[in-house]
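Here is what each chain is made of, one letter per residue.
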Amino acid sequence: MTPDVAASADVVRRNPGALLHARTGPLTRELLLAPGGFGLGQVPERALPDATTNMVCGYCSTGCSLKVHLRNGEACSLSPNTDYPVNLGMACPKGWEALAVLNSAERATLPLLRNASGGLEPVDWETALRTFVDRFQAIQARHGAHSVAFLGTGQMPTEELAFLGSLAKFGMGLRHGDGNTRQCMATSVVAYKQAFGFDAPPYSYADFEESDVIVLIGSNLCLAHPILWERVLRNPHQPQIIVVDPRTTETAMNATQHLPLAPKSDQALLYGVARLLIERGWIDRAYIDAHAEGFDQFAEFVQPYTLEEVAARTGLPAERIERMAETIHAGRRVSFWWTMGVNQSYQGVRTAQAIINLALMTGNMGRPGTGANSITGQCNAMGSRLFSNTTNLLGGHDFTSAQHREKVAGILGIPAERIPAENSWAYHEIMEGILAGKIRGLWVVCTNPAHSWINQGLARDILDRLDFLVVQDMYRTTETAQRAHLVLPAAGWGEKDGTFINSERRIGVVKRVARAPGQALADFSIFRLIADAWGCGELFRDWDSPESVFRILQRCSAGQPCDITGIEGYRALDEAGGIQWPYPSESADPAPERRLFADGRYFTPSGRAKFLFESPRPLSEPPSKRFPLILLTGRGSASQWHTQTRTRQSAVLRKLYPNLQYLEINPADARSLGVRQGAWVRVESQRGRIRACAFVTPTVQPGQVFVPMHEESTNVLTDAVFDPYSRQPSYKACAVRVVPETSVQ
Ligand SMILES: Nc1nc2c(c(=O)[nH]1)N[C@H]1C(S)=C(S)[C@@H](COP(=O)(O)OP(=O)(O)OC[C@H]3O[C@@H](n4cnc5c(=O)[nH]c(N)nc54)[C@H](O)[C@@H]3O)O[C@H]1N2
Ligand SMILES: Nc1nc2c(c(=O)[nH]1)N[C@H]1C(S)=C(S)[C@@H](COP(=O)(O)OP(=O)(O)OC[C@H]3O[C@@H](n4cnc5c(=O)[nH]c(N)nc54)[C@H](O)[C@@H]3O)O[C@H]1N2
Ligand code: SF4
Ligand SMILES: [Mo]
């Protein structure tokens, strides 16, 4: 083999997507649109050797690495990567089936435009691009530049997220853009920013194995992050596992202590535990004095949270609360983890900070096996938080700071005036803006709000008011695509290159190992084409491949807590098995596992972490005589993903979960309502009613019911209430009644 053939074979082994990419040279409009061009799924001309390549999974934030087996440069099967520090050879059913869902008759293969008779009709890309530009520019001319908005995601590579946010704000002149990360992570972002001075989840997955006490609050890890649960099971220290969840979830069943508290009483519980720890002198005064501020006020604040008071508010026996405090005290390495049971609440930020307070006051920060740790949800939630240019300027910068705008403009080589000096509206403000007629055009990319947004009756009415709705998705069948005026067909995971950032801040690579169907294009290519069609392509002349955007983003991160300037490109990421941020240019060792705050210095101006607290508020919609039950929603199985656009495409996954809307209800409630196992019932809230099949089970408490989020009807019931600081929707508690179907006329 000649050296260059050997080198290219090596590249194929490592990154076949990059090779296909390299063959086409820089992305130009002509290349993208030419038959067989880059975006349209070019195949190599000569036979390529069979090979394997590793890439991170495109579903959850765990970020498992999958080994993809290639035949002639294209994926034919996959298996979990045994050498990756995250999953150590494991994968859940969604990961195993990741390739299968790409092949589906529901894929969007051509742009679709709504015609005069109201149907969606295939058009060519030229027409789609022209319509996109003409319609949005006409709306802007009539109603102002900010009358068009966008909604993005935590499920596209960072480079694509950055391109979307930069194109929309710097190129198209939009101000308002948010993402589905608002539905999910906004609470953690704000909690961390206020307490630590930056959005910085401190942990490493190794902490799951190094703790002797693991406290999981509002997290069904076993089902939502199954491989992280496997990491818990590998913990050799026989850890105490405390699960705080109103339901007896799969995770709670495997805990050593389960605290089935009343929904939304977490804040009271955590303040009560804090009070006990203080009362008994079980705090780390030296750590508090050296590294935190506001403790004395906090200690005074928690005084009314006596054991009796907290037992009454949470419905928990006093001994269980006491035992939780004793266990935290006895632990040498205590880690606190939370997910949506905390974040999706009208008081999520202060609840998350009540968890942070416990970690700070017991000195459980910065050491192996410790931390106040928010687990993210989507594969690239962290990339979206730092680089989507929605809530903050690229790289965790601040739109309202002139200095930050100058810095980023200098790196991008664009005029600083192109960068908005004001923050975007949050998701719900964009929805309200549509209702008020201020937002007339919406571009939805890689999210499905007509299923996932709270209070669907209202949400769909709002979406249907838009003058022009563009949906860019892999599938043309999503609830949101069905309402669009224009559908842009997108390539999905496995059909494009880029990087994701997982829950432990690890950046991993995704690659193009399969051809997108028909004329579907990588989102990156779509943004490139829109930039040129819009007339602002020149601003993005250096944005010619995902890896060049990665380089630009690295420069944007310089000097920030999330500095990644030391990473030498995709290949280095591949070789290291992913790299956790921060990784500044002077870093020597891409050590597989790292955590933040080992030196006790936080990112606040004082360098100290803050104790933040506030009196809990009553349930936003308490049960009433008419609606006597509390509805909880969440993940239903390890094999279903969100609105199911992807997972329902796999015959294997479909066999692994119930294919109908169901309602979990306690036997006592079922009995008093006359509901039998498997009977159809109506579930009604003030906002709407749905049908569900009753699953009578003691895993939900009397007075509560649970419906998974995966069927489109669920959010017909939920109540559009938001945390005042994070503006995250409170999906997890509203009032409903259940009526056996036979008694409904
Ligand atoms: N299989 C699968 N895995 C997923 C996903 C998926 O769709 N399917 N989605 C991913 C995403 S984006 C996310 S954000 C994560 C979510 O992961 P999780 O947050 O673990 O999942 P959820 O089921 O939404 O909510 C967790 C638990 O919160 C509990 N809960 C409800 N109200 C309260 C309360 O007031 N207090 C407490 N303490 N608990 C409460 C619920 O009973 C539920 O068991 O999962 C990720 N992983
Ligand atoms: N009741 C209730 N509602 C909830 C929740 C809850 O617990 N209860 N959880 C909330 C949470 S945490 C989340 S994260 C949201 C999730 O809500 P969504 O983001 O609306 O759900 P997904 O099904 O993940 O939607 C992603 C969409 O992107 C498409 N897609 C996938 N890959 C690509 C790609 O590469 N490019 C493009 N262009 N499209 C792609 C998929 O086909 C799909 O239509 O739901 C929220 N809604
Ligand atoms: S646990 Fe998450 S990242 Fe791992 S294989 Fe499953 S869905 Fe993919
Ligand atoms: Mo999420």
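Not measured: the values here are computed from a predicted model. (Residues numbered from 1 in each chain as written. Chains lettered and ligands numbered in written order. Predicted model: local features only at pLDDT ≥ 70, side-chain atom pairs only at ≥ 80, totals over all residues. Heavy atoms only, no water.)

Draft legend 1. A look at the site of ligand 3. The full set of residues close to ligand 3 is C57, Y59, C60, T62, G63, C64, A91, C92, K94, G95 and I227. Its residues placed into classes, the shell around ligand 3 shows seven nonpolar, three polar and one charged. (Near = heavy atom within 4 Å. Nonpolar A, V, L, I, M, F, W, Y, C, P; charged D, E, K, R; others polar.)

Draft legend 2. Inspection of the sheet that holds strand β22 (residues 662-665) at higher detail. Judged by pairing direction, the barrel is mixed, and its six strands sit side by side in the order β21-β25-β22-β24-β23-β26 before closing back on the first. Adjacent strand axes in the sheet meet at a mean angle of 45° when their direction is disregarded. As judged from the three bridges shared by strand β21 (residues 629-634) and strand β26 (residues 734-740), these two strands associate in the antiparallel manner. Considered in β26, the bridge of L631 is made with C734. (Pairing = 2+ DSSP bridges. Helix = DSSP H or I, 4+ residues; strand = E, 2+ residues; numbered from the N terminus. Axes fitted to C-alpha atoms, helices over the stretch in contact; angles between N-to-C directions.)

Draft legend 3. Examining the confidence of the model for the chain more closely. Residues with a pLDDT of 70 or more make up 93% of the chain, whose mean pLDDT is 93. Per-residue pLDDT stays below 50 along residues 1-26; that stretch engages in 46 contacts with residues further than four places along the chain or on separate chains. Taken as a whole, residues 35-44 scores under 50 in pLDDT and shows 33 contacts with residues more than four places along the chain or in a different chain. (pLDDT = per-residue confidence, 0-100. Contact = heavy atoms within 4.5 Å.)

Draft legend 4. Representation of the environment of K193. The residue K193 is located in helix α7 (residues 186-196) in this model. Residue K193 is classed as partly exposed on the basis of its relative accessible area of 38%. For the pair K193 and T604, spaced 411 residues apart in the sequence, the C-alpha separation amounts to 8.5 Å. Contacts of K193, omitting those with residues within four sequence positions, involve F198, D199 and N392. (Buried < 20%, exposed > 50% of the residue type's maximum accessible area, 1.4 Å probe, protein only.)

Draft legend 5. Focus on the pairing of strand β25 (residues 704-708). Counting buried positions along β25 gives five out of five residues, so the element sits mostly inside the fold. Here β25 shows a buried face lined by Q704, F706 and P708 and a second buried face lined by V705 and V707. Relative to β25, β21 is paired through five bridges, and the arrangement is parallel. By the bridge assignment for β25, I630 is matched with Q704. Bridge count between β22 and β25: two bridges; the pairing is antiparallel. Following the sheet pairing, E664 is matched in β25 by F706.

Draft legend 6. Spotlight on the layout of surface pockets. Counted as a void, the largest pocket has a volume near 600 Å³. Forming the boundary of the largest pocket are 30 residues, of which V189, V190, K193, T391 and N392 lie nearest the centre. Sorting elements by how many residues they give to the lining of the largest pocket places α7 first, with four residues. Residue composition of the lining of the largest pocket, grouped by class: nine nonpolar, 14 polar and seven charged. A domain-level breakdown of the lining of the largest pocket finds at least three residues from each of domain 2 (112-176 + 389-580) and domain 4 (629-743). (1 Å grid on protein atoms, 1.4 Å probe; cavity = no way out; pocket = protein on both sides within 12 Å on 5 of 7 lines; lining within 4 Å. Points joined across faces, edges and corners; volume = space filled by probe spheres on them. Domains from an automatic or database assignment.)

Draft legend 7. Structural context of the sheet that holds strand β15 (residues 468-473). Spatial strand order, β5-β4-β16-β15-β14-β6-β7: seven strands in an open sheet with mixed pairing. Both outer strands of the open sheet, β5 (120-122) and β7 (177-179), are each paired with one neighbouring strand and no more. Taken over all neighbouring pairs, the strand axes of this sheet differ in orientation by 15° on average, direction set aside. Where strand β6 (residues 148-152) and β7 come together, three bridges link them in parallel fashion. Paired with G152 across the strands is G179, a residue of β7. With respect to the sheet, helix α5 (residues 125-143) is in contact with β4 (112-114), β6, β14 (441-445), β15 and β16 (486-489), its orientation differing from that of β15 by roughly 140°. Most of the contacts of helix α24 (residues 523-534) go to β14, to which it runs at about 150°, and overall it touches β14, β15 and β16.

Draft legend 8. Representation of the packing of helix α12 (residues 266-279) against helix α16 (residues 318-330) in the model. Between α12 and α16, the shortest axis-to-axis distance is 9 Å and the interhelical angle comes to 60°. Judged by the inter-axis angle, α12 sits oblique to α16. Between α12 and α16 lies a crossing whose hand is right-handed. For the pair α12 and α16, the contacting residues are L269, L270, V273, L276 and L277 in the first and I321, E322, M324, A325, I328 and H329 in the second. When the residues that make up the contact of α12 with α16 are grouped by side-chain class, the tally is nine nonpolar, one polar and one charged. (Parallel < 35°, antiparallel > 145°, perpendicular 65-115°, else oblique. Left-handed = near helix turned anticlockwise from the far one by under 90°.)

Draft legend 9. Summary view of the packing of aromatic side chains. Tallying each qualifying case throughout the model produces 34 aromatic pairs. Each ring, one from F132 and one from F136, has its centre 4.9 Å from the other, and the planes form 80°; the classification is edge-to-face. In this pair, F132 and F136 are both assigned in helix α5, four residues apart and thus about one turn of the helix distant. Exposure remark for F132: the relative accessible area of 1% places this residue in the buried category. Ring geometry for F132 and W534: centres 6.4 Å apart, planes at 75°, overall edge-to-face. You can see F132 sitting in helix α5 and its partner W534 sitting in helix α24, a full 402 residues away along the chain. Comparing F132 with W534 shows no difference in burial state: the two are buried. Grouped by ring-pair contacts, the aromatic residues F132, F136, F163, W443, F468, F524, F527, W534, F540 and W543 constitute a single cluster. R247 extends its terminal NZ or CZ atom over the ring of F706, reaching a point 3.7 Å from the ring centre. Above the plane of the ring of W680 lies R691, whose end atom (NZ or CZ) is 4.3 Å from the centre. (Phe/Tyr/Trp six-rings, centres within 6.5 Å; stacked < 30°, edge-to-face > 60°. Lys NZ or Arg CZ within 6 Å of the ring centre and 35° of its normal.)

Draft legend 10. Looking closely at the environment of T699. Along the chain, T699 turns up in the loop between β24 (689-696) and β25. Along the sequence, T699 and P489 sit 210 residues apart, while their C-alpha atoms lie 42 Å from each other. Apart from residues no more than four positions distant in its own chain, T699 is found in contact with R247, T248, M253 and E664.

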